[in-house]
Amino acid sequence: QHAGFSWLRMLEDLGLGGILADDMGLGKTLTALCLVLSARERRGPAPSLVVCPTSVLGNWARESARFAPSLRVLVLHGGDRDLTPETLAAHDLLVTSYGLLRRDEAALAATPLRALIFDEAQVIKNASAATAKAARGLRAELRLALSGTPVENRLDELWSLMDVVNPGLLGARSAFARRFATPIALDPKGGAARRLRALVRPFVLRRTKRAVLSELPA
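Residues numbered from 1 in each chain as written. Predicted model: local features only at pLDDT ≥ 70, side-chain atom pairs only at ≥ 80, totals over all residues. Heavy atoms only, no water.

Applying the stated criterion across every chain, the model contains twelve salt bridges. Across the pair Glu12 and Arg43 runs a salt bridge, and its minimum N-O distance is 2.8 Å. Of the two residues, Glu12 is situated in helix α1 (residues 2-14) and Arg43 in helix α2 (residues 28-43); the sequence distance between them amounts to 31 residues. Owing to a relative accessible area of 39%, Arg43 belongs among the partly exposed residues under this scheme. The salt bridge partner of Asp104 is Arg81, with a shortest N-O separation of 2.8 Å. With Asp104 in the loop between α5 (98-103) and α6 (105-109) and Arg81 in the loop between β3 (73-75) and α4 (85-89), the pair connects residues that are 23 residues apart, well separated along the chain. Among the charged side chains, a salt-bridge network with shared partners connects Arg9, Glu12, Asp13, Arg42, Arg43, Arg114 and Glu141. (Salt bridge = Lys/Arg side-chain N within 4 Å of Asp/Glu carboxyl O. Helix = DSSP H or I, 4+ residues; strand = E, 2+ residues; numbered from the N terminus. Buried < 20%, exposed > 50% of the residue type's maximum accessible area, 1.4 Å probe, protein only.)

Have a look at this one:
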């Protein structure tokens, strides 16, 4: 987690976003919570937003209460959601679902966010879907995607995720297809693949359980 947190701090300092693609169970949630806490301590209070599947809303609330009890957490769920600017600004961490992101897009897009965290970010892998379009409309100082699903061999999905966390880095979707996706489909180990890896490597952190276990003392 320390290495992941240091990487996120570096991105934050540079004003860039990233994809934390560690295997499930390696602490992506805890690492993200550490970043939210650190940003509040260093830069003062401002809301951060987690967007996740409905099934893990409770997990974020529990993990926050366990590991970051000082955070003021608001879970946006149900029909009586309070989306007034005053309420949103009074919390350190807002947690909502991908489904409600589309419904509450206007209120959330009007809220300046410190960090914007997409958990199980494969949900926004389809760049043309309404959820991905809503994700692009949010304002945040740091944009982070959490996904245990490797993205290296799904180039259109990689473009979609990267366009959410670092808009414009890979160019327009059509230009990306011409420059990278089509040449790589023809020659997976060619120059286009090497250039793409070099371009995205600083913004993607991927660690497997096997690799982490190999680093532990015997």
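Our next topic: empty space enclosed by the protein. Think of a ball as big as a water molecule: rolled over the atoms, this probe shows where empty space is left. Following the criterion strictly, the structure yields two cavities of 30 Å³ or more and no others. Considering only enclosed or pocket space, the second largest cavity measures out at about 40 Å³ in volume. Considering the residues around the second largest cavity, the lining is formed by Glu12, Leu35, Val36, Ala39, Ser48, Arg114, Ala115 and Leu142. Of all the secondary-structure elements, those providing two or more residues to the lining of the second largest cavity are α2 and β5 (113-118). Residue composition of the lining of the second largest cavity, grouped by class: five nonpolar, one polar and two charged. (1 Å grid on protein atoms, 1.4 Å probe; cavity = no way out; pocket = protein on both sides within 12 Å on 5 of 7 lines; lining within 4 Å. Points joined across faces, edges and corners; volume = space filled by probe spheres on them. Nonpolar A, V, L, I, M, F, W, Y, C, P; charged D, E, K, R; others polar.)

Among the five residues in strand β2 (residues 48-52), five count as buried, and that is most of the element. Residues Ser48, Val50 and Cys52 of β2 are buried on one face, and the alternating residues Leu49 and Val51, pointing to the opposite face, are buried as well. Two elements, β2 and strand β4 (residues 93-97), share five bridges in a ladder whose sense is parallel. Each residue of the ladder has a partner; that of Ser48, found in β4, is Leu93. Sheet analysis places β2 next to β5, joined by three bridges and oriented parallel. (Pairing = 2+ DSSP bridges.)

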